[in-house]
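# Understanding the architecture of this molecule
So you can see what is in the structure, the chains are spelled out below.
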Amino acid sequence: MLTAEKIRARSDIELFNKLNRHADVKRVKEQLEREADKGPAGVRRRLLATSVRLSKEMAPEIRAIADDCTQRLGITIPVEIYVYASPSYNAACVKPEEGRLFIMFSSSLLERFDAGELRFVMGHELGHYLYHHHDIPIGYLLMGKHRPSPSLALQLFAWSRYAEISADRAGAHCAQDFESVGRGLFKLASGLSGDVVTFNLRDFLLQIDEMQSSDAESAQGAPMEDWFSTHPFSPLRVKALQMFHESDLVVERGMAAAELEAQVTSLMGLMEPSYLESKTEAAEAMRRLLFAGAITVADSAEGISRQEIAAFEQFFGEHSFKESFDVQQIKGGLDERIEHARELASHAQCTQVIRDLCVIARADDHVAPGERKALLQIALKLDVGMPFVERCLATDTELD
Ligand SMILES: [Zn+2]
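Overview of the structure.

Conventions used here
Residues numbered from 1 in each chain as written. Predicted model: local features only at pLDDT ≥ 70, side-chain atom pairs only at ≥ 80, totals over all residues. Heavy atoms only, no water. Helix = DSSP H or I, 4+ residues; strand = E, 2+ residues; numbered from the N terminus. Buried < 20%, exposed > 50% of the residue type's maximum accessible area, 1.4 Å probe, protein only. Contact = heavy atoms within 4.5 Å. Polar contact = N/O pair within 3.5 Å; in protein donor to acceptor, adjacent residues only side chain to side chain. Disulfide = S-S within 2.5 Å. Phe/Tyr/Trp six-rings, centres within 6.5 Å; stacked < 30°, edge-to-face > 60°. Lys NZ or Arg CZ within 6 Å of the ring centre and 35° of its normal. Axes fitted to C-alpha atoms, helices over the stretch in contact; angles between N-to-C directions. Parallel < 35°, antiparallel > 145°, perpendicular 65-115°, else oblique. Left-handed = near helix turned anticlockwise from the far one by under 90°. Nonpolar A, V, L, I, M, F, W, Y, C, P; charged D, E, K, R; others polar.

Within the secondary structure, Arg100 sits in strand 4 (residues 100-106). On the basis of relative accessibility, which here comes to 23%, the residue Arg100 falls in the partly exposed class. Sequence spacing of Arg100 and Arg44 is 56 residues, and the spatial spacing of their C-alpha atoms is 9.0 Å. Filtering out sequence-adjacent residues up to four positions away, Arg100 remains in contact with Arg44, Ile77, Pro78 and Glu80. Reaching out from Arg100, the side chain makes a polar contact with the side chain of Glu80 at a distance of 3.5 Å.

As structure tokens, then:
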């Protein structure tokens, strides 16, 4: 029989284990455990004060869906369901407290999602609990007083995207209906209720094929800043789920599990900064741009700090930063490298470089006005929007 444990994405497991061994992750977890020893964090108290708990009497259908999903996933912890007023579709799973798990939904989601779609969302949220995703306190790590190293930040982003893939599979396992799953993800992505638009799964998936082909051509595509969030872009998630549904985890004589994971990794590669290792001309131009951009941004406020050197070396390797660098000359050559990257790399790839430059700017715990200005100037020349830069600099991240 197919158990929920078996369908967890392989890269989720691998990155999860790797992160759990990371010294900084361990340190933050120990800190949080010491806090927890002092008593419950008051999550339930806060939920009771700000949201409405749905009892079995109030919402028998939603309760039935929850019971069915927990059974399917083999979850035994008591689940409390809360709803809060919001016009946007959202759901979240809150780390258990006092032996109870909390799932919260926005009011609009509960009103506009049908039973099949709701089973998917419910299963997705329960999946986060089932796969222990709360064990890595990503929000604390990214937003805490001590910012994580660039390599840790990138690993956290990558892991959280695979964590969503696992949670989606748990959701699909609960929904048992790919059409509902696709429709649910479409509603989440578009904010539409389905009243004015007829959902078409095939067309929704076509969006991914276009993304992949425009990436291959390395043409100046549409702005694709949304790829760089902790959550995988929705059509990517649908595509990953379609592959899952075609695998032998779901159907007899389907694609082998190893092949599934390889395909998912290549799909998710659309969101990863593989240019640091890649041998293509475009990747080379991106590295050269990152190099000069990093020096320029780091030097734009009070010289290049120790943390900035450390961040730089996370990208280019240990001892790659040399005191002998002619900083002024490197800064002087930046525009030429920007031009070169614009010629050879796609817009999405240029966006990746900007994201990585944000990591440099955030290396010492604050982003100085001079650093922000230098970054925005580079972004402007690459046609990367200011909102994207601001979002990368803020990086407010929680699993939901
Ligand atoms: Zn999620």
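Okay, the state of the cysteines next. Evaluated as defined, the whole model comprises 0 disulfides. Left without a disulfide partner, Cys174 is nearest to the cysteine sulfur of Cys69, which lies 3.8 Å away. Given the relative accessible area of 0%, Cys174 is considered buried.

Going through the model one piece at a time under the given rule, you end up with 10 aromatic pairs. Ring centres 5.6 Å apart and planes at 80° place the aromatic pair Phe291 and Phe316 in the edge-to-face group. Residue Phe291 is located in helix 13 (residues 281-299), and its partner Phe316 is located in helix 14 (residues 306-316); the two are separated by 25 residues in the primary sequence. Through successive ring pairs, a cluster of aromatic residues spans Phe291, Phe312, Phe316, Phe321 and Phe325. The cationic tip of Arg8 hangs over the ring face of Phe16; the distance from NZ or CZ to the ring centre is 4.8 Å.

As a further point, take the packing of helix 1 (residues 10-21) against helix 8 (residues 150-175). Relative orientation of the contacting elements helix 1 and helix 8 amounts to 140°, with a least axis distance of 8 Å. What the angle tells us is that helix 1 and helix 8 run oblique. In the packing of helix 1 onto helix 8, the handedness of the crossing is left-handed. In this structure, helix 1 contributes Ser11, Asp12, Leu15, Phe16, Lys18 and Leu19 to the contact, and helix 8 contributes Leu152, Gln155, Leu156, Ala158, Trp159, Tyr162, Ala163 and Ser166. In the contact of helix 1 with helix 8, the residues fall into 9 nonpolar, 3 polar and 2 charged.

On their own, these measurements won't tell you what the molecule is for.
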